[in-house]
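What follows is each chain in one-letter form.
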Amino acid sequence: MIIGIIDYGVGNLGSLAHSLQGHGEVRLLANPLDATLADRLILPGVGNFSDCALRLHATGWWSALLDAVLRRYQPLLGICVGMQLLADLGHEGAEGSDDVGVSGLGLIHGEVRHLSSFGCELRIPHVGWNSVELLSGSTGLFQEIPNGTDFYFVHSYAFDVVDREDIVATTDYGALLPVAIRKGLVWGVQFHPEKSSKAGQMLLKNFVTTEVC
């Protein structure tokens, strides 16, 4: 099993690669042509939606990821901003701003919005541990992970999903937020599994070793 972590110049990939050790051969993929070598692809992301989207375009990964999923049917996991990039559109302004948004990959229908747009009045960004509630029938990534397990979050935006059936899990941070999503071969988690202790490692293991798709 070859696990390809997309290296497009965003974030510290070392801790993610370390968390995957023992579950397969981990490769940091800087060349989009190498996507064909991987059995599983992971799209990390930190910081700003538009900056990450621009980097995907500039490095050639934008079209490579679409080819991987839509033509070769390779499983993909987006993490944090990597999950947000799966959306149709990413908004960067707070509620009430005139932000028109930046296009996402469109692999799971929805738009990324500031937490205030969900009705959250708590401190933003949401930083720290929070419990994750699995929806009825949730399996795949969350096998052997108890409902209500805490995961580690750092985010100011959340994925407003069009089809509620694409939501796998939520968290309550002043509003109910989708934090794990899935459509076919494509998964996304808003939290950081590589920073979420044993539960995060189990989730990554499940993505690699289980027939999640």
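What you are looking at is a predicted structure, and each value in this text was computed from that prediction instead of being measured.

**Observations regarding the UniProt feature "active site" (unreviewed entry) in the protein**
Okay, so step 1: UniProt's entry tags Cys80, His192 and Glu194 with the feature "active site" (unreviewed entry), counted in the numbering of this structure. Spanning 115 residues, the named residues form one tight spatial group whose C-alpha atoms are at most 11.0 Å apart. If you take the residues mentioned a moment ago, the ones lining the largest pocket come down to Cys80 and His192.
Okay, so step 2: Relative to the helices and strands, His192 resides in the loop between strand S14 (186-189) and helix H5 (197-209).
Okay, so step 3: Note on His192: relative accessible area 4%, which makes it buried.
Okay, so step 4: In this structure His192 touches Val46, Ile79, Cys80, Tyr152 and Val154, once residues within four positions along its chain are discounted.

**Things to note about the packing of aromatic side chains**
Any aromatic ring pair is given by two values, namely how distant the centres are and how the planes are angled relative to each other.
Okay, so step 1: Scanning the model with the defined rule gives 5 aromatic pairs in all.
Okay, so step 2: Relative to Tyr152, the ring of Trp129 has its centre 5.6 Å away and its plane inclined at 70 degrees; by these criteria the two rings are edge-to-face. Here the residue Trp129 occupies a position in strand S8 (residues 126-131), and Tyr152 occupies one in strand S10 (residues 150-155), the gap between them amounting to 23 residues.
Okay, so step 3: Judged by centre distance (6.2 Å) and plane angle (85 degrees), the rings of Phe142 and Phe151 are edge-to-face.
Okay, so step 4: Each member of the aromatic cluster is reached from another via a ring pair, and the members are Phe142, Phe151, Phe153 and Phe191.
Okay, so step 5: Between the NZ or CZ atom of Arg40 and the centre of the ring of Phe207, over which it lies, the distance is 5.8 Å.

**Some words on the sheet that holds strand S5 (residues 89-90)**
Okay, so step 1: Taking strand neighbours across the sheet as the criterion, the 4 strands line up as S6-S5-S7-S11 in an open arrangement whose pairing is mixed. Strands at the two margins of the open sheet, each flanked by one partner only, are strand S6 (102-103) and strand S11 (157-161).
Okay, so step 2: Relative to S6, S5 runs antiparallel, the two sharing 2 bridges. Opposite Leu89, over in S6, you have Ser103 as the bridge partner.

**Focus on the sheet that holds strand S2 (residues 25-29)**
Okay, so step 1: Ordered by their spatial adjacency, 8 strands build an open sheet running S2-S1-S3-S4-S14-S13-S12-S9, and the pairing between neighbours is mixed. A single partner strand is all that each edge strand has here, and the edge strands are S2 and strand S9 (133-134).
Okay, so step 2: Note that strand S4 (residues 76-79) and S14 share 4 bridges and pair parallel. The partner of Gly78 across the bridge, within S14, is Gly188.
Okay, so step 3: Against the sheet, helix H3 (residues 61-70) makes contact with strand S1 (2-6), S2, strand S3 (40-43), S4 and S14, and its axis sits at roughly 140 degrees relative to S3, the strand it touches most.

About the cut-offs
Residues numbered from 1 in each chain as written. Predicted model: local features only at pLDDT ≥ 70, side-chain atom pairs only at ≥ 80, totals over all residues. Heavy atoms only, no water. UniProt positions renumbered as here; feature names shortened; annotations may be inferred. 1 Å grid on protein atoms, 1.4 Å probe; cavity = no way out; pocket = protein on both sides within 12 Å on 5 of 7 lines; lining within 4 Å. Helix = DSSP H or I, 4+ residues; strand = E, 2+ residues; numbered from the N terminus. Buried < 20%, exposed > 50% of the residue type's maximum accessible area, 1.4 Å probe, protein only. Contact = heavy atoms within 4.5 Å. Phe/Tyr/Trp six-rings, centres within 6.5 Å; stacked < 30°, edge-to-face > 60°. Lys NZ or Arg CZ within 6 Å of the ring centre and 35° of its normal. Pairing = 2+ DSSP bridges. Axes fitted to C-alpha atoms, helices over the stretch in contact; angles between N-to-C directions.

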